[in-house]
Amino acid sequence: MAKVLMKGNEAIGEAAIRAGCIHFFGYPITPQSEVPEYLAKRLPEVGGVFVQAESEVAASNMIYGAAGVGMRVLTTSSSPGISLMAEGVSYLAGAELPVVIVNIMRGGPGLGGILPSQGDYLQATKGMAHGDFDLIVLAPSSVQEAVDLTIRAFQLAEKYRNPVMVVGDGMIGQMMEPVDFPEVEVGPPLAADDWALTGCEGRSPRDVNSLFLDANDLHNHNVKLKDKFAVITENEQEWELYSCEGEYDVLVTSFGMMARICKTAIDVLAEEGIKVGLFRPITIKPYPYDACREAAQKAKRLLCVEMNMGQMIQDVQLATRGAKEIDFFGKAGGVIPSVEDVIQSVRETLAKTGK
Amino acid sequence: MKKIFAYTDGLTRLPTHYCPGCTHGVIHRVVGEVIDELGIRGTTVGVAPVGCAVLAYKYFNCDMFEASHGRAPAVATGAKRCRPEMSVFTYQGDGDLASIGMAEIVHAANRGEKFTVIFVNNAIYGMTGGQMAPTTMPNQRSTTTPFGRDVNLAGYPIRVAEMLSTLTTPAYVSRVSSHTAEQTVRAKEVIKKAFQYQIAGTCFTFVEVLSTCPTNWGLSPRESNKWLEKEMLPYYPLGDIKRPEDFEGGQHAGN
Ligand SMILES: Cc1ncc(C[n+]2csc(CCOP(=O)(O)OP(=O)(O)O)c2C)c(N)n1
Ligand code: SF4
C-alpha cells in the first residue's frame, strides 16, 4: 500500500481502526488532542463509537465498561490526564480487561508544560496505581512504529487480557511522517466470548470485577497476575540494537524518539571513526534486561540518554547488575537534546574510558 | 394451595449481607422483579457501586460489573454505547453517586445516556460506618458530624433528582421511597417505567429511592421507617420530576 503523510496522533487513531478498534473514549489534552479530533471524524464513518468523556477519570472507567462487554477500545491522553486514569488502570488490570491506552507525554511535574518529554517512564513501567499489577508498555520511535505498535498493543492486550500502554512523546504525536498501514486481519476481540458481559441468555451470569474480599482469594489473584506477567516477560520482549556489530567502547541506551536522535549522533561519530553502540528497548515493560546486558558487555562504559532526569537508568543498572559505570545525559521540560548535545556527552563518556 | 410469594428470577438465591431492616434488600427485590417481568434478564448488564451494595453483582441474576467508587455511570456509558441493544442499569448509593461520582452522573444524564440509574438515598455512608453523605439531613448526626450536620459548614443536602432535572436533555427523573409496602409497590412501578423507557431507547432514566440505614442511624427498623417519613419526605418529595413526554424541541414545558 502507498505511504501516506500523517501526523503521529492521527496515525495512531487510524492504526487503532485498522486493528479493529472502533470505540474511543477520551478527553482533550495537548499534545494528543488530534487523536480524539481525528477519531471524532473517522469513527462515525466506520460505524464506531466516539465519546468525549467529562474527564480522564471517567474515560478510564468508560473503557472498563466497553472492554467489559467484549469490545476493542482505545483511550489516549497526555501526562496529567494519565495521572487521572490511574484509578481506572488499576481496576482494568485487576479485572484483566484488554484495553489500549496511549500516553503522548509532555513535561511535568504538575501542569508542567505542553512540549515533548519522556517524564512518565517510571509512572508507566513501575507502578502507575495502587496494588500489584503490570502493564505492558511499548515505546515507538517513529510515526511508523507508533502505527505498528498501536496495532501490536491491541493484539497483546487480547492475548493476555491485560491493559497495554503505548508511550510516545509530544514529538511523535505532533510530527508528520510518511506511514504505511499494514493489512491486519481483524476478527472479534479474542476470547471475549469466554468472559465478557454479553447478556446471560443461555448461560449463567458473569461478572467483571476486581473485588476479592477473601484474603486468600485475593492473594491467589495476585499470584495469577504475577504468573501472567512472567509469561509476558518470557515471550514479548522487543528491542533494537543499532551499530552493535563489532567493537565499541560506549553503549548508548535510549528509548522512543530520543533514541532516534542518538542514532544520528552515532552516525556522525562513526564518520569520525568513533564506534558507539545503541540499545533501544521497544517494550520498556517487560524491559529486555538480558538483551541490554549482552549489548553492554562489549562496552567499557554506558551512557543513558533521555528526555527526563534519568528515569530509565535504574533499569539499565538492573540489566548490567552494577557491572558498568553509567553516565546520564538528558533534558526535561520540553528541551529536546540535539544531535550535537548527544555527541558532546558521548565524547565526555568516552573520555572517562581513557580513550 | 395458592402460591402468593416466590423467589424472583431477577435475583440469585444467595442470602444478602444487608443489616436487618435495611431497605437495600427490598430495593434489590423490586429491581429484580422488574428485570424478570420485562423478560430482559438475559440481555441486561448491571453495574454495582462501592458502598453497602458493593456485592450487588452477586445478587442480581444477570451479567454484572463491579465499578470503582462513583464511576458506575461511566462504566455504564462504555457498556451501553458499545452494546445499545442491551439493557444497562447502575445501582448506586448517595456517597457513590452524589459525592465522589457527581461528575459522572451529571454528564451521563446530560449526554442522555440511555441506561437506568437506581439511586439509593439513605442520607448516610452506610458501608464505611455512618459518615456524612451529601444527602445527610440538616442537624443529622453522623460519625463525621457528631454534633449534627452544620449547614453553614457542610451546606444543605443535595436534591439530586431535582438537580438533574434542570438539564435540558430529555430524561425520566423520579423519586420514590421504600419505607412502606405501599411506597415500595409504587417504587416498582416507577422502576419498571424507567426500564421501559430505556428499552424503547427514549432517554436517560433516573429513579431516586429513599432508603433506610437502621444501623448507622442508630434506630430500629420500625423507627427508621418513621424517621424517613418524618425527616426525609418533606425535604425529598416523591413523584415524577421530569418526564420525556414534557420535552418540546429544546425546551421543557414548565421549565
Ligand atoms: C476511591 C475511594 N474512596 C473511598 C472509598 C471508601 N468508601 C467505600 S463505600 C463509601 C461510601 C458509601 O456510601 P454510599 O454510597 O452512601 O452507600 P451506602 O453504603 O450507604 O449504601 C466510601 C467512602 C472507596 N472505596 N474508594
Ligand atoms: S450499614 Fe446501613 S445501608 Fe449498609 S446494610 Fe447496614 S443498614 Fe443497610
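Just so we're clear, the structure is a prediction, and the values are computed from it rather than from any experiment. For every chain, the first residue of the written sequence is number 1, and numbering continues from 1 along that sequence. Chain A is the first chain written and ligand 1 is the first ligand written, with later ones labelled in order. Local features in a predicted model are, by the rule used here, given only for residues with pLDDT of at least 70; side-chain atom pairs are given and counted only at 80 or more, and totals for whole chains, interfaces and linings are based on all residues. Only hydrogens and water are removed before side-chain values are computed, so all heavy atoms of the structure are retained for them.

1. Points about the confidence of the model for chain B
In low-pLDDT segments, the atomic positions of the prediction should not be examined closely. The predictor's confidence in any single residue is recorded as pLDDT, a number from 0 to 100. When the pLDDT values of chain B are averaged, the result is 96; 97% of them are 70 or greater. This complex was scored by the predictor with a pTM of 0.97 and an ipTM of 0.97.

2. A closer look at the domain arrangement of chain A
Residue and element names in this part refer to chain A. The domain architecture assigned to chain A consists of domain 1 (4–235) and domain 2 (240–351). Relative placement of domain 1 and domain 2: their C-alpha centres are 28 Å apart. Of the residues lining the interface, 33 residues belong to domain 1; the matching set on domain 2 comes to 25 residues. Simply put, the buried area is the total loss of 1.4 Å probe accessible area from both parts when two parts are fitted together. Both sides together, the interface formed by domain 1 and domain 2 hides about 2400 Å², and carbon and sulfur atoms give 58% of it. Summed over the three residues of domain 1 that lose the most area to domain 2, namely Q118, Y121 and S141, the buried surface amounts to 31% of that side. Each reported salt bridge corresponds to a side-chain nitrogen of Lys or Arg within 4 Å of a carboxyl oxygen of Asp or Glu. Linking domain 1 with domain 2 are four salt bridges. Ionic pairing is found between K285 and D134, a salt bridge with its closest N-O pair at 2.8 Å. We define a polar contact as two N or O atoms separated by no more than 3.5 Å, with the added condition that, inside protein, one atom must be a possible hydrogen donor and the other a possible acceptor, whereas residues neighbouring each other in sequence contribute only through side-chain atom pairs. Summed over the shared surface of domain 1 and domain 2, the result is 18 residue pairs in polar contact (both at pLDDT 80 or more). We count a stretch as a helix when DSSP gives it H or I for four or more residues in a row; a strand needs E for two or more, and each element gets its number in order from the N terminus. With four residues, helix α6 (residues 121–126) is the single largest residue contributor to the side of domain 1 that touches domain 2. The classification used treats Ala, Val, Leu, Ile, Met, Phe, Trp, Tyr, Cys and Pro as nonpolar, Asp, Glu, Lys and Arg as charged, and all other residues, Gly among them, as polar. Within the side of domain 1 that touches domain 2, the residues separate by chemical class into 19 nonpolar, eight polar and six charged. Domains are outlined according to an automatic or database domain assignment. Throughout, a residue-residue contact means that at least one pair of heavy atoms, one from each residue, lies within 4.5 Å.

3. Considering the packing of aromatic side chains
Within 6.5 Å between ring centres, the rings of Phe, Tyr and Trp (the latter by its six-membered ring) count as paired, and their orientation is classed by plane angle as stacked under 30 degrees, edge-to-face over 60, tilted in between. Under the defined criterion, the tally for this structure stands at 15 aromatic pairs over all chains. Measuring from centroid to centroid gives 5.6 Å for A:F24 and A:F50, while their planes differ by 5 degrees, and the two rings are stacked. Here A:F24, found in strand β2 (residues 23–26), pairs with A:F50, found in strand β3 (residues 49–52); they are 26 residues apart in sequence, far enough to count as distant. What makes A:F24 buried here is its relative accessible area of 1%. Only protein chains enter the accessibility calculation, which uses a 1.4 Å probe; a residue is then buried when its area is under 20% of its type maximum, exposed when over 50%, and partly exposed in between. Judged by its relative accessible area of 23%, A:F50 is partly exposed. Consider the rings of A:Y64 and B:F65, whose centres lie 5.7 Å apart with planes at 40 degrees: the pair is tilted. Linking A:Y64 in helix α3 (residues 56–68) with B:F65 in strand β2 (residues 63–66), this pair reaches from one chain into another. On the basis of relative accessibility, which here comes to 1%, the residue A:Y64 falls in the buried class. Aromatic rings pair up to connect B:F60, B:F89, B:Y91 and B:F195 into one cluster. Two limits define a charge over a ring: the Lys NZ or Arg CZ must be within 6 Å of the ring centre, and within 35 degrees of the ring normal. In this structure, A:K263 packs its charged tip against the face of A:Y242, placed 5.2 Å from the ring centre. The lysine or arginine in question, A:K285, covers the ring of A:F229, its NZ or CZ lying 5.4 Å from the ring centre.

4. Side note on the site of ligand 1
Residues and elements named next belong to chain B. Contacts to ligand 1 come from 16 residues, most closely from C52, D94, D96, G126 and M127. The backbone of C52 places a nitrogen or oxygen atom 2.8 Å from an oxygen atom of ligand 1. One of the backbone N or O atoms of M127 is found 2.9 Å from an oxygen atom in ligand 1. Here ligand 1 has 600 Å² of accessible area as a free molecule, and 75% of this is covered by the chains. Here the shell around ligand 1 is built from residues that sort into six nonpolar, eight polar and two charged. Here, proximity means that at least one heavy atom of the residue falls within 4 Å of the molecule or strand. To measure how exposed things are, a 1.4 Å probe is used in the Shrake-Rupley method; for residues, cover is taken only from the protein chains shown.

5. Remarks on helix α7 (residues 143–160) of chain A
Expected helix span is computed as 1.5 Å times (number of residues minus one). Along its 18 residues, α7(A) runs 25 Å from first to last C-alpha, staying within 8% of the 26 Å computed at 1.5 Å per residue. Phi for A:R161, located one or two positions after α7(A), is positive at around 50 degrees.

6. Brief notes about the site of ligand 2
Residues and elements named next belong to chain B. Surrounding ligand 2, one finds Y18, C19, C22, H24, C52, N122, G126, C213, P214, T215 and N216. Looking at which element gives the most residues to the shell around ligand 2, the answer is helix α9 (residues 214–217), with three residues. Grouping the constituent residues of the shell around ligand 2 by class yields six nonpolar, five polar and no charged.

7. Remarks on the sheet that holds strand β12 (residues 276–281) of chain A
Pairing between sheet strands relies on hydrogen bonds along the backbone, with the strands arranged either parallel or antiparallel. Residues and elements named next belong to chain A. Here five strands make up an open sheet; going across it, the order is β10-β12-β11-β14-β15 and the pairing mixed. In this open sheet, the two strands that pair with only one neighbour each are β10 (239–242) and β15 (325–330). Going across the sheet, the axis of each strand differs from the next one's by a mean of 20 degrees, ignoring polarity. Together, β10, β11 (250–253), β12 and β14 (301–306) form the strand contacts of helix α11 (residues 289–297), whose direction differs from that of β11 by roughly 155 degrees. Any two strands are treated as partners once DSSP identifies two or more bridges connecting them. Think of each axis as a best-fit line through the C-alpha atoms, taken over the contacting stretch in the case of a helix, with angles from 0 to 180 degrees between the N-to-C directions.

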